[in-house]
Amino acid sequence: MKAVVYHRYGPPDVLSVQEVPKPSPKANELLIRVVAAEVAKGDCELRSFQFPIKWFVLPLRLVMGITRPRRTILGGYFAGEVVQVGDSVSRFSVGDRIFGSAGIKMGAYGEFLCVPDSATVERIPSNATYEQAAALPMGGLNAIHFLNMADIQPGTRVLINGAGGSIGCYGVQIAKSKGAIVTAVDSGIKEGLLRSLGADHFIDYQQTLFSQGDNQYDVIFDVVAHSDMKTNARVLSDTGIYLSANPSLNVMLQTRQINKSTSKRASFAFAKETLQDLIGIKNLFEQGAITAPIDCVYSLADMPDAHRRVESEQRVGLVVVRVSESD
Ligand SMILES: NC(=O)c1ccc[n+]([C@@H]2O[C@H](COP(=O)([O-])OP(=O)(O)OC[C@H]3O[C@@H](n4cnc5c(N)ncnc54)[C@H](OP(=O)(O)O)[C@@H]3O)[C@@H](O)[C@H]2O)c1
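Not measured: the values here are computed from a predicted model.

**Quick notes on the packing of helix α1 (residues 41-48) against helix α10 (residues 303-312)**
So, point 1. At a minimum axis distance of 9 Å, the contact between α1 and α10 shows a crossing angle of 105 degrees. In this view, α1 runs roughly perpendicular relative to α10, as classed from their interaxial angle. For the pair α1 and α10, the contacting residues are K41, D43, C44, R47 and S48 in the first and H307, V310 and E311 in the second.
So, point 2. For the contact of α1 with α10, the class distribution of residues is two nonpolar, two polar and four charged.

Written as structure tokens, this is what we have:
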């Protein structure tokens, strides 16, 4: 089968299309023909081994490969079709169109992928294309995980910092679907997209620091690495909650301080990516409460350009690669 592989950490040009052995499913696994996969920021970070947050670089390097990547096919989030099932699989059948997370083993940049039937995968929304379905899980699972920690009601004031990334785009829409008043913070080129996704207010962080404004927020959902949580929490209401999806060591310490010494609450976490949350995302998509805003769809051969597009942050929406053709 064809796959985009990499054998050393480095710039986008380390990615190339090669022939690799097709995987074979174990008794509890599904073999999926991947039709589309998201090209996520996390893929770029694993490819270059450059992370905005430094504290987990060493343990991650031990897991991913010290001198070169142990898992040579990236791609954590996909949509495709089940083409074979192991003997003990009952949840899915051949021909099911599914989407979800490939987990830590990744591999969605290849034409075929095996995942256990206990993985965070589900039948794709009835109204989604493969590209849209591939663009849903990463951002959707992370956004729903964090925003479920806040009690968002109609009228709740929610600020999303880094709203134009994969996670933020869904954060804006999920908060809006609950009736929140949403302020999106990102660079100016993303204003049109974010307003079209439902943001009531937009702040261009290159022009204005939201932490210096007069408005208060009940929820701050922060996807930006190196944010100064303590300064930003100045505009959090007295009973508000600060949710950090990209926590530096400093943010972890500041979380503790806010929880200990103020009436405000703060939390950081790594999203668990549960099946329940994936079904929640599917339902929101089918109800029309969220859409999958796609910036560009690339071919496998153009994967280096897809990575450059994601890294340049010029993307307006999510970047997807077409891995194989659907029937
Ligand atoms: N906690 C978890 O469980 C978890 C899970 C998955 C991923 N992650 C991490 O989350 C990040 C990926 O998320 P993503 O794809 O949504 O993000 P992303 O692609 O990094 O997007 C972040 C957005 O923030 C904007 N931005 C940059 N600096 C900013 C600032 N100072 N203020 C406001 N906005 C700013 C960027 O735009 P410009 O650069 O154009 O300004 C971009 O639109 C990765 O670093 C990944 O490792 C965390």
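The discussion continues.
**Here we look at the domain arrangement of the protein**
So, point 1. Split into domains, the protein comes out as domain 1 (2-136 + 292-322) and domain 2 (139-268).
So, point 2. Relative placement of domain 1 and domain 2: their C-alpha centres are 27 Å apart.
So, point 3. Listed by partner, the interface residues are 15 residues for domain 1 and 19 residues for domain 2.
So, point 4. When residues of domain 1 are sorted by the area they lose upon contact with domain 2, I53, W55 and P293 head the list and together hold 34% of the total.
So, point 5. For the pair domain 1 and domain 2, the interface holds one salt bridge.
So, point 6. The closest approach of N and O atoms between E313 and K190, which form a salt bridge, is 3.4 Å.
So, point 7. Applying the counting criterion to the domain 1 and domain 2 interface returns seven residue pairs in polar contact (both at pLDDT 80 or more).
So, point 8. Taken together, the residues of the side of domain 1 that touches domain 2 sort by class into nine nonpolar, three polar and three charged.

**Quick notes on the side chain of K264**
So, point 1. With respect to the secondary-structure elements, K264 resides in the loop between α8 (249-261) and β13 (265-268).
So, point 2. In this structure, K264 is buried with no salt-bridge partner, the nearest side chain bearing the opposite charge being D238 at 4.8 Å.
So, point 3. Only 2.8 Å separates the side chain of K264 from the backbone oxygen of A233, close enough to count as a polar contact.
So, point 4. Side-chain polar atoms of K264 contact the backbone oxygen of L236, separated by 3.0 Å.
So, point 5. Not counting chain neighbours up to four residues away, the residues in contact with K264 comprise A233, R234, L236, S237, D238, G240, I258 and N259.

**Regarding the site of the ligand**
So, point 1. In the vicinity of the ligand there are 26 residues, among which K41, E45, Y205, A245 and R315 approach most closely.
So, point 2. A distance of 2.8 Å is found between an oxygen atom of the ligand and a side-chain nitrogen or oxygen belonging to K190.
So, point 3. Within the contact set of the ligand, an oxygen atom lies 3.0 Å away from a side-chain nitrogen or oxygen of N246.
So, point 4. When isolated, the ligand has an accessible area of 930 Å², and the protein chains bury 83% of it.
So, point 5. Those elements that place two or more of their residues in the shell around the ligand are α1, α4 (137-147), α5 (166-177) and β9 (181-186).
So, point 6. The dominant element in the shell around the ligand, judged by the number of residues it contributes, is α4, at three residues.
So, point 7. Its residues placed into classes, the shell around the ligand shows twelve nonpolar, eight polar and six charged.

**A few points about a positive patch on the surface**
So, point 1. Residues K26, R70, R71 and K105 make up a contiguous surface patch of positive charge.
So, point 2. Looking at where R70 falls in the secondary structure, it is placed in the loop between α2 (57-64) and β4 (77-85).

**Topic: the layout of surface pockets**
One way to see where empty space is left: roll a probe the size of a water molecule over the atoms.
So, point 1. Estimates place the volume of the second largest pocket at around 490 Å³.
So, point 2. Of all the elements, strand β6 (residues 112-116) adds the most residues to the lining of the second largest pocket, at five residues.
So, point 3. Split by residue class, the lining of the second largest pocket holds 14 nonpolar, five polar and four charged.

**Looking at the packing of α4 against α5**
So, point 1. Axis separation between α4 and α5 bottoms out at 8 Å; the angle between their running directions is 55 degrees. Our classification of the angle between α4 and α5 gives oblique. In this structure, α4 meets α5 at a crossing whose hand is right-handed. Contact with α4, carried on its side by M138, G139, G140, N142, A143, I144 and L147, involves S166, I167, Y170, G171, I174 and A175 of α5 and no other residues of that element.
So, point 2. Of the residues belonging to the contact of α4 with α5, the class tally is eight nonpolar, five polar and no charged.

**Focus: the side chain of D117**
So, point 1. You can see D117 is positioned in the loop between β6 and β7 (121-123).
So, point 2. In this structure D117 is buried but unpaired, with R91 as the nearest side chain of opposite charge at 6.1 Å.
So, point 3. With residues up to four places along the chain from it excluded, the contact list for D117 reads N28, E29, L30, S88, V89, S90, R91 and F92.

**A closer look at the packing of aromatic side chains**
So, point 1. Taken as a whole and judged by the stated rule, the model has five aromatic pairs.
So, point 2. With a centroid separation of 6.3 Å and an interplanar angle of 70 degrees, the aromatic rings of Y6 and Y9 are classed as edge-to-face. As far as burial versus exposure is concerned, Y6 and Y9 are alike and both buried.
So, point 3. Seen from their ring centres, W55 and F270 are 6.0 Å apart, and the 65 degrees between their planes marks the pair as edge-to-face. One end of the pair, W55, is in the loop between α1 and α2; the other, F270, is in the loop between β13 and α9 (275-286), and 215 residues separate them in sequence.
So, point 4. Of the residues examined, W55 reaches a relative accessible area of 34% and is grouped as partly exposed.
So, point 5. In this structure, K22 packs its charged tip against the face of F112, placed 4.3 Å from the ring centre.

About the cut-offs
- Residues numbered from 1 in each chain as written.
- Predicted model: local features only at pLDDT ≥ 70, side-chain atom pairs only at ≥ 80, totals over all residues.
- Heavy atoms only, no water.
- Axes fitted to C-alpha atoms, helices over the stretch in contact; angles between N-to-C directions.
- Helix = DSSP H or I, 4+ residues; strand = E, 2+ residues; numbered from the N terminus.
- Parallel < 35°, antiparallel > 145°, perpendicular 65-115°, else oblique.
- Contact = heavy atoms within 4.5 Å.
- Nonpolar A, V, L, I, M, F, W, Y, C, P; charged D, E, K, R; others polar.
- Domains from an automatic or database assignment.
- Buried area = accessible area lost by both parts, 1.4 Å probe.
- Salt bridge = Lys/Arg side-chain N within 4 Å of Asp/Glu carboxyl O.
- Polar contact = N/O pair within 3.5 Å; in protein donor to acceptor, adjacent residues only side chain to side chain.
- Buried < 20%, exposed > 50% of the residue type's maximum accessible area, 1.4 Å probe, protein only.
- Lys, Arg positive; Asp, Glu negative; His and termini not counted.
- Near = heavy atom within 4 Å.
- Areas by Shrake-Rupley, 256 points an atom, 1.4 Å probe, with all protein chains shown as cover.
- Patch = residues over 30% accessible without salt bridge, like charges linked within 9 Å, V, L, I, M, F, W, Y side chains within 5 Å.
- Charge placed at Lys NZ, Arg CZ, Asp CG, Glu CD.
- 1 Å grid on protein atoms, 1.4 Å probe; cavity = no way out; pocket = protein on both sides within 12 Å on 5 of 7 lines; lining within 4 Å.
- Points joined across faces, edges and corners; volume = space filled by probe spheres on them.
- Left-handed = near helix turned anticlockwise from the far one by under 90°.
- Phe/Tyr/Trp six-rings, centres within 6.5 Å; stacked < 30°, edge-to-face > 60°.
- Lys NZ or Arg CZ within 6 Å of the ring centre and 35° of its normal.

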